[in-house]
Amino acid sequence: MLFRAGTVSTLLASTLPVALGQYVRDLSSEDWTLSGRALNQTVPAQFPSQVHLDLWNAGIIDDPYLGLNDFNLRWIADANWTYTSDPIEGLLDDYDSTWLVFDGLDTFATISFCGQQIASTDNQFRQYAFDVSEALGACEADPVVSIDFGSAPNIVDAIADDPNSQTWPSGVQITYEYPNRWFMRKEQSDFGWDWGPAFAPAGPWKPAYLVQLEKTEGIYVLNTDLDIYRRGQINYLPPDQSQPWVVNASIDFLGSLPSNPSISIDVTDVDSGALLTSRILENITTSDSSITGITILDDLTPKLWWPQGLGDQNLYNVTITVEDNQKQPIAHVSKRTGFRTIFLNQRNITEAQRAQGIAPGANWHFEVNGHEFYAKGSNLIPPDCFWPRVTEDKMTRLFDAVVAGNQNMLRVWSSGAYLHDFIYDLADERGILLWSEFQFSDALYPSSSSSFLENVAAEITYNVRRVNHHPSLALWAGSNEIEVLMLLLVQEADPASYPYYVGEYESMFITLFLPLVYENTRSISYTPSSTTNGYLSINLSAPIPMAERYDNTTPGSYYGDTDHYNYDTSVAFDYGSYPVGRFANEFGFHSMPSLQTWQTALTDPQDFAFNSSVVMARNHHDPVGGLSTTNTTNSAIGMAQMTMGVLSYYPVPNIPADPTANFSAWCHATQLFQADMYKAQIQFYRRGSGMPERQLGSLYWQLEDIWQAPSWAGLEYGGRWKVLHHVARDIYQPVIVSPFWNYTTGSLEVYVTSDLWDGVSGSVNMTWFDLQGNAIPDNAGTPRQMPFSVGGLNTTRVYGTDGASLNLPDQNDAVLVLEMEGMGKRPNSDQATASESRFTHSNYVTLAWPKDLRLVDPGLEVRYQRDRGTFVVRATTGVSLYTWLDYPKGVVGYFEDNAFVLVPGEEKEVGFVVQDDPPDEGEWVRGVNVRSLWDQKGTVIHS
Ligand code: BMA
């Protein structure tokens, strides 16, 4: 398909920048084939694509996610592959220049055009453009594009074997499956991770275009950097909200500019279509490949963009037009954006903060539009091993679950890929802040190689510029766990070389990267490492522009953010074992996916067992550390940790008569432990908002799964919610009531915590029941109701007692149900006129572990109300803990409430949100069942 700009299809007009006098051919619309020596045939291919997907489409291989295909398909990663287009018809000769533009090649690629080798590439995360004018001129037939992809595992092994390549102290680098990932600029988790397989896919993973420019003075837009900030704003200082907005637009292009070009912008409100302003940009600067201009929006007050829960997600379209000196447009780009400031405050605690009771040290929290807020969310890993099948529909479902989960921030963790623009678009619409990272994780990189540094500098510049217009972009972090893990490993393995590696770390992640960020955005903060104690000072003229704090800390002071994993399940609920810091950016524990999700990956009935060889082989925590297909020693460690979590605290599933039901109950039990552990930590961190540490964020590890396997995820592959996602949704509500039971001292405290901006007042009802649902006489000495009043972003203790002094006939036969109700204003409502909203939250506590409770059969009943499309659940004979509604496989969606407590006689109506075409309603609703902690030991419930 060939089209002329100006008559482009609507689809393309919305995604591609356009200009007169150029032909843009989307290479996805050509026919492609895939071939390789490992295959004795040529098969049809998609574009964009990856080899595994095309081989699967062609019936050469099975679903890569089935069974042991992580190991069985290694022949694909070990081979070289070629994507070849059909001859491209209809290209015109009278064009001034012709270019091949690749938005993403994964990874070691050699490109030929009309039989001529054009170039080689080695970075999955860069955009490449190659001039093929001469090759086209010499071409005697319609040209063919072919792209050879070398085997990434083989290529990095060869680099590692080269005596000129960098080496590191032995035992420091972390290998999951394939070794030597640090030598490639390819998704690091493609070589395996502790939650994923190692397919090491190859292919043209993003679109490509053939561009013809008609005349010498004409440009094709490759990339656009739209930077919106407050006048005077600089990345590491709090923006002054009284200053007008500045719009800086910068376009990277192919071709050449006419003399004296100009740039204008139109800013329109996406909702109303109203024009906010039209401007001619000033201070135009040009280079061979970019043009930049700036304007100050004096006297204009566009509506602000806010994250979820803090206000509206107001969006604007900015249309940028480049014109020649005759006022003829030579390029148009339209970007949807928003007006907001987002700032990572790492500055020292001030006297004023000290006077509010905040402990000394340094801040580490985000401020949006000048407001502190509590960041609630999780860590996003690649949603699939194969990006070409990460569709907008799939990501929409994922983001809907994030919003439903009361999350406002995701950390886009290093070592996946820089996210596509459509994913940032979804986050912009939904108000999900994306803390974004450069793709370097858990490794030392060859930063003494100048070609490596040049390569990564281009990668960073391109991506910082590409996504800068998205209001959801919250931060750039240089790396994951290099400072807190890799440098420590060096210190242990080879203390003498430690200063050298600190120097290497700083030369890349500070001296090289920090200016690259600051030069391309003034609106986004930068931190070299995701987990850090922050910095001591920033001096942009110093050789190392940021002096990191590392261990220059003072006891009693708090700094930075925390990363916490403790697989010793005996301290899982010991608050004293949790880190006290300003922000928790990672914490977690793994669990099994549900039976229904396993049913999409396991093929043989005997695989459906907790420690079956296939389940063991798919569990990658602890990672096997190499390519062995039989060594499950490390996996056994992770399986044992999950087992210990269940055995230590929960009734042990024991259904010998039905192994599948037993397996299902075990999977579920691991999810209970996981959810309870996260809940305990999130409550602890949120309470910290009103403690001396002034803790302002918790992002748990991890949001979702890349495939069907045990992991830290709250959302299983396919979208099914684990217990965790429901529990996190509950505990991420704005105003929560939380019990804190110290099982060693017996102390029990109840707190109300709020992340609203203003105060909330109300009361907490506290009711003790025995497990049959009878009220405990005299409420065990606990007041039935306590009033509370809590300030904005704060916490208050509403009740405290020594468990031993409670008048409980039997501590193993008692549950305290907490019900909070309070009135307060939602953030950003018009404070003068808005009425208060009602906030409610329920919680509960037992002063015994679930396994020791004298559970009785709650006599659960569930019925479907067809007219309302809801399920009604009721406990009839006892207290139901962890009441769990379960739905059959083949349905994609979630219950609006789950994992809740019911006392006898209480009824709960629960809706189900269908996220994808459901099977016949009559069919699937019959497959819904309900269970609780009582059933875990033995009641057989089939899914
Ligand atoms: C942290 C993360 C990931 C990892 C997770 C679970 O180390 O940054 O690297 O997957 O913990 O181990």
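The name that an unreviewed UniProt entry assigns to the protein chain is Beta-mannosidase A, with the source organism given as Aspergillus heteromorphus CBS 117.55. Under the UniProt heading Subcellular location (unreviewed entry), the entry covering the protein chain gives this text: "Secreted".

The peptide bond linking Asp106 to Thr107 adopts the cis configuration, its omega dihedral lying at -10 degrees. Structurally, Thr107 can be placed in the loop between strand 5 (97–102) and strand 6 (109–113). His621 connects to Asp622 through a cis peptide bond whose omega is 0 degrees. Relative to the assigned elements, Asp622 resides in the loop between helix 14 (613–618) and helix 15 (633–649).

Taking the numbering used here, the UniProt-annotated feature "domain: Beta-mannosidase Ig-fold" (unreviewed entry) corresponds to residues 855–935. Structurally, residues 855–935 is divided into 7% helix and 42% strand, and its ends, taken at the C-alpha atoms, are 10 Å apart.

Attention shifts here to the pattern of salt bridges. All chains considered together, the criterion is met by 34 salt bridges. A salt bridge links Glu749 to Arg797, with the nearest nitrogen and oxygen atoms 2.7 Å apart. One end of the pair, Glu749, is in strand 33 (residues 747–754); the other, Arg797, is in strand 36 (residues 794–802), and 48 residues separate them in sequence. Taking relative accessible area as the criterion, Arg797 reaches 46% and is therefore assigned partly exposed. Residues Glu821 and Arg838 are paired through a salt bridge, measuring 2.9 Å at the closest nitrogen-oxygen approach. Of this pair, Glu821 sits in strand 37 (residues 815–824) while Arg838 sits in strand 38 (residues 837–845), placing them 17 residues apart in sequence.

A word on the domain arrangement of the protein chain. On domain assignment, one finds that the protein chain holds domain 1 (2–210), domain 2 (560–711), domain 3 (733–853) and domain 4 (861–937). On a C-alpha basis, the centres of domain 3 and domain 4 stand 26 Å from each other. With nine residues of domain 3 at the contact, the number on the domain 4 side is nine residues. Buried area between domain 3 and domain 4, summed over both chains or domains, comes out near 700 Å², and the portion from carbon and sulfur atoms is 76%. Of all residues in domain 3, the largest losses of buried area upon contact with domain 4 belong to Leu771, Tyr844 and Pro850, amounting jointly to 52% of the total for that side. Along the contact surface separating domain 3 from domain 4 lie zero salt bridges.

Every residue close to the ligand is listed here: Trp193, Asp194, Trp195, Trp413, Asp442, Asn480, Glu481, Tyr565, Glu586, Trp701 and Trp712. At a separation of 2.6 Å, an oxygen atom of the ligand approaches a polar side-chain atom of Glu481. Contact with the protein chains removes 91% of the 300 Å² of surface that the ligand exposes when unbound. A per-class count over the shell around the ligand returns six nonpolar, one polar and four charged. Inspection of the shell around the ligand shows a minimum of three residues originating in each of domain 1 (2–210) and domain 2 (560–711).

What follows covers the sheet that holds strand 35 (residues 785–790). The strand order across the open sheet formed by four strands is 35-34-37-38, and the pairing between neighbours is antiparallel. Each edge of the open sheet carries a strand with a single partner, namely strand 35 and strand 38. Averaged over all pairs of adjacent strands, the angle between strand axes in this sheet comes to 20 degrees, irrespective of strand direction. Sheet topology note: the strand 37/strand 38 ladder contains nine bridges and is antiparallel. The partner of Val817 across the bridge, within strand 38, is Tyr844.

What counts and what doesn't
- Residues numbered from 1 in each chain as written.
- Predicted model: local features only at pLDDT ≥ 70, side-chain atom pairs only at ≥ 80, totals over all residues.
- Heavy atoms only, no water.
- UniProt positions renumbered as here; feature names shortened; annotations may be inferred.
- Helix = DSSP H or I, 4+ residues; strand = E, 2+ residues; numbered from the N terminus.
- Salt bridge = Lys/Arg side-chain N within 4 Å of Asp/Glu carboxyl O.
- Buried < 20%, exposed > 50% of the residue type's maximum accessible area, 1.4 Å probe, protein only.
- Domains from an automatic or database assignment.
- Contact = heavy atoms within 4.5 Å.
- Buried area = accessible area lost by both parts, 1.4 Å probe.
- Near = heavy atom within 4 Å.
- Polar contact = N/O pair within 3.5 Å; in protein donor to acceptor, adjacent residues only side chain to side chain.
- Areas by Shrake-Rupley, 256 points an atom, 1.4 Å probe, with all protein chains shown as cover.
- Nonpolar A, V, L, I, M, F, W, Y, C, P; charged D, E, K, R; others polar.
- Pairing = 2+ DSSP bridges.
- Axes fitted to C-alpha atoms, helices over the stretch in contact; angles between N-to-C directions.

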